[in-house]
Amino acid sequence: MTGVQTCALPILFIEPASVGGPPKDQAMLRFGSAGDVTIFSVSGPTGQGHETVFPEIVARELGIDPGLITLRAGDPEGPPLIGGGTVGARSMSAHGGACVLAAREAVKKGMELASKELGVPAAGLEFAGGRYRVRGNNRSIGLVELAKKHAPEAGPHPLDATGDNPVKGTFPSGAHVAEVEIDPETGAVEVLRYTAVDDFGRVLNHTLLEGQMHGGIVQGAGQVFVERCIYDESGQLLTGSLMDYGIPRAGLIRSMELADHCVPSPNNPLESEPGPTRGPSPGYPPWNAPDRSTPRACGARPRRSEAPGRRRGSSCRPLPCRRRTARGARATRSEEHTSELQSHV
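Calculation notes
Residues numbered from 1 in each chain as written. Predicted model: local features only at pLDDT ≥ 70, side-chain atom pairs only at ≥ 80, totals over all residues. Heavy atoms only, no water. Helix = DSSP H or I, 4+ residues; strand = E, 2+ residues; numbered from the N terminus. Buried < 20%, exposed > 50% of the residue type's maximum accessible area, 1.4 Å probe, protein only. Expected span 1.5 Å × (residues − 1). Polar contact = N/O pair within 3.5 Å; in protein donor to acceptor, adjacent residues only side chain to side chain. Pairing = 2+ DSSP bridges. Axes fitted to C-alpha atoms, helices over the stretch in contact; angles between N-to-C directions. Left-handed = near helix turned anticlockwise from the far one by under 90°. Contact = heavy atoms within 4.5 Å. Nonpolar A, V, L, I, M, F, W, Y, C, P; charged D, E, K, R; others polar. Core = buried A, V, L, I, M, F, W, Y, C linked by side-chain atoms within 4.5 Å.

A. Spotlight on unusual backbone geometry. Residue Glu271 is not a glycine yet carries a positive backbone phi of 60°. Here Glu271 shows up in the loop between strand S11 (256-260) and helix H5 (288-297). On the basis of relative accessible area, Glu271 is assigned to the partly exposed category, the value being 35%.

Printed below as a string of structure tokens:
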């Protein structure tokens, strides 16, 4: 493109998260006769991967195979639990922390059972790798073996445990840079590269975390560049289906480089910080970098914004090219769609 300008705008941020709701979050573990474990939680998954990571973190504490563990979230037939739900970037730190505390309570209960089985005081035992061992010799018994041996015919299992995790805030932070090319004549924008470094605290599952980062960044870029609800003069919504609405696609961002620089959080048992649940808001990192760099590249000068109801900060004068970035194409498409609709009336 002729006269193309390249912009790279860094964004630094720190955000309070995991707060609000009830004073604590709970999770419960129930043991089965086959040594299996069921996690009951009020945190319902909506694509975060709770079904994978919650069993993983409980398995690490119990020293057993994650395949023996099943998550049942929001089960109306499960035990009554207190919790704030899956909101505000709190799933892992709040509900994951409750799962860890429940697992630790189960291990503590297992000490008494193992003490009777091995014929030694509980103080003479240690737990590691899913087994209770007598200090100083090789005698041991596994947690799964205990669960099978002490499974009742009816009623609660002696290893069943509940974890109470008091709500405490966390403060994820990071630095994001979006490099974009902009044609000042047409307003066409191309995202060349996106680089992000974040503090997530202790990372439990890198695959799930990176997937959330990819989705969150692209979702935010979609809100900046392609998403818009369009109505005709009579108020009819013209973008009411995914055939018409501008949804972000995989090719919206050419290159994405992610890194983590993690500092364990002291405010929850997992030492974790929230991932990118800031996805729905284009006004927050990691995506307001391309949104702000577009008018700058087209010649707009920053000014102080003191409009009522808005936070003080840098903003740019609106320019026609800003609307033409991706909306120009959508407007043309909507006009064509409107004509098509009118032709069928």
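B. Quick look at helix H1 (residues 50-62). Its 13 residues place the ends of H1 18 Å apart at the C-alpha level, agreeing with the 18 Å of an ideal helix rising 1.5 Å per residue. His50, Val53, Phe54, Pro55, Ile57, Val58, Ala59 and Leu62 are the residues of H1 that are buried. In the stretch just after H1, Gly63 is the one whose phi turns positive, near 70°.

C. Spotlight on helix H4 (residues 206-225). Its 20 residues place the ends of H4 28 Å apart at the C-alpha level, agreeing with the 28 Å of an ideal helix rising 1.5 Å per residue. Considered for burial, the residues of H4 that qualify are Leu209, Met213, Gly216, Ile217, Val218, Gly220, Ala221, Gly222, Val224 and Phe225. By the N-cap criterion, in which a side-chain oxygen at the helix start approaches the backbone nitrogen of a residue two or three places on, H4 is capped by Asn205, the distance to Thr207 being 3.1 Å.

D. A look at the pairing of strand S9 (residues 173-182). Because side chains alternate across S9, one face comprises the buried residues Gly174, His176, Ala178, Val180 and Ile182, and the other comprises Ser173, Ala175, Val177, Glu179 and Glu181, none of which is buried. Pairing of strand S1 (residues 5-14) with S9 involves ten bridges; the strand directions are antiparallel. Considered in S9, the bridge of Ile14 is made with Ser173. The antiparallel pairing of S9 with strand S10 (residues 189-199) creates a hairpin that spans six residues between the two strands, and Gly187 there sits at a positive phi of about 80°.

E. Region of interest: the environment of Pro121. The residue Pro121 is located in the loop between helix H2 (91-118) and strand S5 (125-128) in this model. Relative accessible area serves as the criterion here: at 59%, Pro121 is assigned to the exposed category. With ten residues separating them in the primary sequence, Pro121 and Met111 have C-alpha atoms 9.1 Å apart.

F. Layout of the packing of H1 against H2. Across the interface, H1 lies against H2 with an axial gap of 9 Å and an inter-helix angle of 35°. As for the relative orientation of H1 and H2, their crossing is right-handed in sense. Where H1 abuts H2, its residues His50, Val53, Phe54, Ile57, Val58, Glu61 and Leu62 lie against Ser91, Met92, His95, Gly96, Cys99, Val100, Ala103, Arg104, Ala106 and Val107. Residues of the contact of H1 with H2, tallied by class, amount to eleven nonpolar, four polar and two charged.

G. Expanded view of the nonpolar core. Among the nonpolar cores identified, the biggest contains 38 residues, and Ile57, Val58 and Leu62 are the most heavily contacted of them. At the level of secondary structure, the elements contributing two or more residues to this core comprise strand S2 (24-31), strand S3 (37-41), H1, strand S4 (69-73), H2, strand S6 (131-134) and helix H3 (143-149). The dominant element in this core, judged by the number of residues it contributes, is H2, at twelve residues. In this view, Leu62 contacts Phe31, Val37, Ala103, Ala106, Val107, Phe127, Gly130 and Leu143; residues no more than four positions away in its chain are not counted. Formed by 17 residues, the second largest nonpolar core is a distinct cluster that contains Ile217, Val218, Phe225 and Ile253.

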